[in-house]
Amino acid sequence: MSFVRNAWYLAAWSTEVPSEGWLARRLLGQPWLLMRCADGSAAMVADRCPHRFVPLSKGRREGDRLFCGYHGLGFDLSGKCVHNPFGGEPPEAACLAAPKVEERHGGLWFWPSEAKLADPALIPDFAFIDEGNPCERAVYTMAVNYELIADNLLDLSHAEYLHVESFGTNGSLHTHGKQTVKQDEDGAVWNLWDITNAVPPGWATPMLGEGERVDQWLHIRWHAPASLALFIGIARACTQLEPMFPPMANPHILTPETETSTHYFFTHPPGEEEARQARRVFLEEDEPMVAAQAEAMAGQDFWEARPVILPSDAAAIRARRKLMQMRRAEAAA
Amino acid sequence: MSFVRNAWYLAAWSTEVPSEGWLARRLLGQPWLLMRCADGSAAMVADRCPHRFVPLSKGRREGDRLFCGYHGLGFDLSGKCVHNPFGGEPPEAACLAAPKVEERHGGLWFWPSEAKLADPALIPDFAFIDEGNPCERAVYTMAVNYELIADNLLDLSHAEYLHVESFGTNGSLHTHGKQTVKQDEDGAVWNLWDITNAVPPGWATPMLGEGERVDQWLHIRWHAPASLALFIGIARACTQLEPMFPPMANPHILTPETETSTHYFFTHPPGEEEARQARRVFLEEDEPMVAAQAEAMAGQDFWEARPVILPSDAAAIRARRKLMQMRRAEAAA
Amino acid sequence: MSFVRNAWYLAAWSTEVPSEGWLARRLLGQPWLLMRCADGSAAMVADRCPHRFVPLSKGRREGDRLFCGYHGLGFDLSGKCVHNPFGGEPPEAACLAAPKVEERHGGLWFWPSEAKLADPALIPDFAFIDEGNPCERAVYTMAVNYELIADNLLDLSHAEYLHVESFGTNGSLHTHGKQTVKQDEDGAVWNLWDITNAVPPGWATPMLGEGERVDQWLHIRWHAPASLALFIGIARACTQLEPMFPPMANPHILTPETETSTHYFFTHPPGEEEARQARRVFLEEDEPMVAAQAEAMAGQDFWEARPVILPSDAAAIRARRKLMQMRRAEAAA
């Protein structure tokens, strides 16, 4: 299974990239260096010397130049070889892969295939991260393939089982919920759970009158390859969905580290306790289940394992089909 | 190398299966749940939800129903889907594999292929477990392929080397022993070592007169795929094999956990010290040698490794040939 | 990638082989026993019983005989089966592989393919080990393929980066050095770095007059498959290379343990501190870099990874080509 290459991926939050040195990170199976140039712009080059393949991260950076620690070749941050210790013109082939990078929504997005195809307008809209309540950006690396995590997010009914202690809806998702799956004009797949006139979840009861009922919505948006946004809200029943609180909006942006591991970019309210709690949901609720799924599949292809398909899988299936089409189109090109 | 599927395998001793919950065990490479129904009967279903493949053992059991912990599908203990939280008829394809199980000789035996082929009369006879001295049933998981362990058992001459401290016969197996290999009417392969008029083993000397000699027998019986029974006895020489003690009869029943690991079912006299001692023979004498063999073979097929065949291998070779024939017949069908 | 088989490999230093028992060592992917016979001669046999493949090193040695610890077959140190506990003639096929071994330069050299092709005159000349200053022979096992280590040694310019603290030449290798690559009459590849009229390295300054300049040479010799010798010297400039000290000569003899690990035979001045220091260069300078290279290549073939070739690679490339030719010739034969 190859990675989709004509797409924007989040490489890192901007705050992760130091002003000197680099952030070394494996993305789409390859090692990369993410850097801040002297002029403040972002740079990304392969962490692999073209001479003997050793990581440049075992060498050193001097200003906007990288020097290999093995035989001394030097490169600028656009990946061009600019120093050959043996004298003479540096060989032209001795350059580092350097994908197009865009800084947007507080993160560095990169386009793995040719730069000329990289249209910044295609970066999914995560402006809400800065527009809502203050939050901290975080990343966690999960030891499973990114498509399994996207499946998990695209079928939020799992919250009733896996997150029953945290996000559960008291079963009202099943009894009072309606699921809608749609695709919007820029190709995003949406899975909308709308719960109408239901008993409120426990945490909301104190803010409601005796016997009052609520409407809730759990909406998730997916952009290929796996940049997701989650929107959650609650309203008193029959108030035209007038939110009781500002609705919640959260990024769940997945970038493959390898075929079997994923960088999971998310946000949480500021504070260490909040960081721990967010991480706990990933570590103790989602990851063990999705990892058990990966282990059970034992490397088998999803479709060859012949899953039973339920109506609640509609969005996940649509996303998987879209990725499959993208892979096929790229393989054919 | 595929597993033989038209055969009875021991899945667990009856005592291992709790009256509530389950015993989760990998058998023939797949994960299974072994359970006791409310009516006391035994049940066995795949520990793998057909929807997203996660283990049902990460969910919960309620009476005679299992519920998946990921998206809530419910199954009865025959493997049928009986609950779909999204409403509507549960999808027909959403069922769990549930092989035929028979309880016999204090164990749960299962037949991996179609139930209609599963004739309980083919379960090998281990009635002696309950008929002899009281014993405890135990199981140990060995990190080697089951055929290598069966080879080990089918050539008991190794006792003179590997078990020289415990079961050795003072070399009399070689000097006074006669080996007979035969196949009985229900297809079992027997390897019979009969030692005649030999110096007694050290442990028996105190019970014998000065210079008295003995007859001994070490008989082992093999049923495909790898259910073995060991029968050992000793008699004063020239007494028509009148046993000095009740002869010993022990099950050595091997069920593949995976291609490279085996559940080894055995019995031992009651008591913790006896359990430790039995386990010690497996852990310190047999397993290191058979594991070294597996490591030396490094995944190579037994026949392709071109072993030198000795007369003492006759029974093991016959068993291997029989398994090969069964595999071929199953592959052709 | 198969190993070259028509070549001499160093199996062990003579001092490693005990007068009783054996040295068990994996070489070219296979397990071997290296032994000293009662008459003092060296012997080498496969550490693998031809009956059930278990290591003979799990058995015992009695005089010049080895006995398998599993079923008792006995072998002499030429690999012939000389004892069959079941009586009768030992089967002829039951012999151990026993390559031709020669003791030379304080080491045991073996020839993996047919003995009749093994010409002792082809063993590379390492007489200098005993002719120079007293030294201790040592071996270290590195977790990388031997060709990557040979590449490292055949391009000594890496000393300016990786060994800048220990062997660096203050950059004069690049500014005043001239590289020559040649092949001598017995097929050895030489990489010669000759540095002329350069500022002396720091460690030599105290022994020189103010502003005095030096000539230096770093010469390395490679015999297939990977037996290297390093010759280093320093002279006052314009003295016709009259050495200031006796030049240094060191073996760097590489024998594959497996495809991904290598026994690295070397020498160092006598003493524990000297042993530690030599080992430190391997452990802390060379191995981390070469291991990072191996990890980056992730099993990919060197040529398929399409390395950029620099003029300084000429000797390493010539050695790689020669090995490739040898492999092809052996595959064709």
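Every chain is numbered on its own, with residues counted from 1 as its sequence reads. Chains and ligands are labelled by the order in which they are written, letters from A for the one and numbers from 1 for the other. In keeping with the predicted nature of the model, local features appear solely for residues at pLDDT of at least 70, side-chain atom pairs appear and are counted solely at 80 or more, and the whole-chain, interface and lining totals rest on all residues. Working from all heavy atoms in the structure, the side-chain values ignore hydrogens and water.

An unreviewed UniProt entry annotates chain A as Aromatic ring-hydroxylating dioxygenase subunit alpha originating from Novosphingobium aquae.

Draft legend 1. A look at the sheet that holds strand 5 (residues 60–62) of chain C. All names here are of chain C. Strands qualify as paired when DSSP identifies two bridges or more between them. Strands are runs of DSSP state E lasting at least two residues, helices are runs of H or I lasting at least four, and both sets are numbered from the N terminus onward. On the basis of which strands lie adjacent, the open sheet formed by four strands has the order 5-6-7-8 and antiparallel pairing. Of all strands in the sheet, those bounded by a partner on one side alone are strand 5 and strand 8 (81–83). Across the sheet, the axes of successive neighbouring strands diverge by a mean angle of 35°, strand direction being ignored. The pairing of strand 5 with strand 6 (residues 65–67) spans three bridges and is antiparallel. Geometry is summarised by axes, namely lines fitted to C-alpha atoms with helices restricted to the contacting stretch, and by angles between N-to-C directions that run from 0 to 180 degrees.

Draft legend 2. Quick peek at the sheet that holds strand 13 (residues 189–198) of chain B. Residue and element names in this part refer to chain B. Spatially, the seven strands line up as an open sheet ordered 11-17-16-15-14-13-12, and their pairing is antiparallel. Two strands in the sheet have a free side with no partner beyond their single neighbour: strand 11 (136–142) and strand 12 (177–183). Between one strand axis and the next, the sheet turns through 15° on average, direction left out of account. Contact criterion: two residues are considered in contact whenever any of their non-hydrogen atoms come within 4.5 Å of each other. Of the strands in this sheet, strand 11 and strand 17 (261–268) are in contact with helix 4 (residues 272–297), which crosses strand 11 at around 25°.

Draft legend 3. Main features of the relation of the copies chain A and chain B. Mapping chain A onto chain B calls for a screw motion: a turn of 120° about the axis and a shift of 0.0 Å along it, with 0.1 Å RMSD after fitting. In short, the pair behaves as if placed about a three-fold rotation axis. Judged by C-alpha distance, Gly-299 of chain A is the residue of chain A that lies nearest the rotation axis, at 11 Å. Our superposition of the copies is a least-squares fit, built on the C-alpha atoms of residues whose pLDDT is at least 70 in both.

Draft legend 4. Spatial organisation of the interface of chain A and chain B. Listed by partner, the interface residues are 26 residues for chain A and 19 residues for chain B. Values labelled buried area give the accessible surface lost by two parts on being combined, using a 1.4 Å probe and summing over both. Around 2,000 Å² of area is buried between chain A and chain B when both sides are counted, 65% of it from carbon and sulfur atoms. What makes a salt bridge here is a side-chain nitrogen of Lys or Arg within 4 Å of a carboxyl oxygen of Asp or Glu, nothing more. Applying the counting rule to chain A against chain B returns one salt bridge. In this structure, the salt-bridge partner of Asp-313 of chain A is Arg-52 of chain B, at a minimum N-O distance of 3.2 Å. Polar contacts, as used here, are pairs of N or O atoms within 3.5 Å; protein pairs need one atom able to donate a hydrogen and one able to accept it. Residues neighboring in sequence count only if both atoms are side-chain atoms. Seen at the junction of chain A and chain B, the total is eight residue pairs in polar contact (both at pLDDT 80 or more). Among the secondary structure elements, those contributing two or more residues to the side of chain A that touches chain B are helix 2 (146–154) and helix 4 (272–297) of chain A. Per element, the largest residue contribution to the side of chain A that touches chain B is seven residues, and it comes from helix 4 of chain A. The nonpolar class holds Ala, Val, Leu, Ile, Met, Phe, Trp, Tyr, Cys and Pro. Asp, Glu, Lys and Arg form the charged class, and all remaining residues, Gly among them, are polar. Taken together, the residues that form the side of chain A that touches chain B break down as 15 nonpolar, seven polar and four charged.

Draft legend 5. Helix 2 (residues 146–154) of chain B, seen in detail. Residue and element names in this part refer to chain B. Accessible area is worked out with a 1.4 Å probe on protein chains only. A residue is then buried under 20% of its type maximum, exposed over 50%, and partly exposed in between. Most of helix 2 sits inside the fold, with nine of its nine residues counted as buried. Buried residues of helix 2: Tyr-146, Glu-147, Leu-148, Ile-149, Ala-150, Asp-151, Asn-152, Leu-153 and Leu-154, and no others. Where helix 2 begins, the side chain of Asn-145 points an oxygen toward the backbone nitrogen of Glu-147, at a separation of 2.7 Å.

Draft legend 6. Layout of the environment of Ala-314 of chain A. Residue and element names in this part refer to chain A. Position of Ala-314 relative to the elements: it lies in helix 5 (residues 314–332). Taking relative accessible area as the criterion, Ala-314 reaches 34% and is therefore assigned partly exposed. Between the C-alpha atom of Ala-314 and that of Cys-81, which follows or precedes it by 233 residues, the distance is 49 Å.

Draft legend 7. Inspection of the domain arrangement of chain A at higher detail. All names here are of chain A. Start and end positions for the domains come from either an automated domain assignment or a database one. Under the domain assignment used here, chain A contains domain 1 (9–122) and domain 2 (128–332). Taken together, the contact pairs 14 residues of domain 1 with 16 residues of domain 2. Area buried by domain 1 at its contact with domain 2 is led by Tyr-9, Leu-10 and Trp-13, which between them contribute 48% of it. Our enumeration of links across domain 1 and domain 2 arrives at zero salt bridges. Counting every contact that joins domain 1 to domain 2 gives seven residue pairs in polar contact (both at pLDDT 80 or more). Residue assignment for the side of domain 1 that touches domain 2 shows that the elements contributing at least two residues are strand 1 (9–13) and strand 2 (23–27). Sorting elements by how many residues they give to the side of domain 1 that touches domain 2 places strand 1 first, with five residues.

Draft legend 8. Up close: a negative patch on the surface. Two joining distances apply to patches: 9 Å for like charges and 5 Å for nonpolar side chains (Val, Leu, Ile, Met, Phe, Trp, Tyr), and every residue must have over 30% relative accessible area and no salt bridge. Residue exposure ignores everything except the shown protein chains as possible cover, and the areas themselves are Shrake-Rupley values with a 1.4 Å probe. We score Asp and Glu as negative and Lys and Arg as positive, and we do not count His or the chain ends. Think of each charge as sitting on NZ of Lys, CZ of Arg, CG of Asp or CD of Glu. Together, Asp-125, Glu-131, Glu-185 and Asp-186 of chain A make up a negatively charged patch on the protein surface. Following the sequence through the fold, Asp-125 of chain A ends up in the loop between strand 10 (107–111) and helix 1 (128–131).

Draft legend 9. Focus on the interface of chain A and chain C. The interface is formed by 19 residues belonging to chain A together with 27 residues belonging to chain C. Summing the contributions of chain A and of chain C, the shared interface buries around 2,000 Å²; its carbon and sulfur component is 65%. The tally of links between chain A and chain C comes to one salt bridge. Taken together, the connections running from chain A to chain C amount to eight residue pairs in polar contact (both at pLDDT 80 or more). For the side of chain A that touches chain C, the per-class residue count stands at twelve nonpolar, four polar and three charged.

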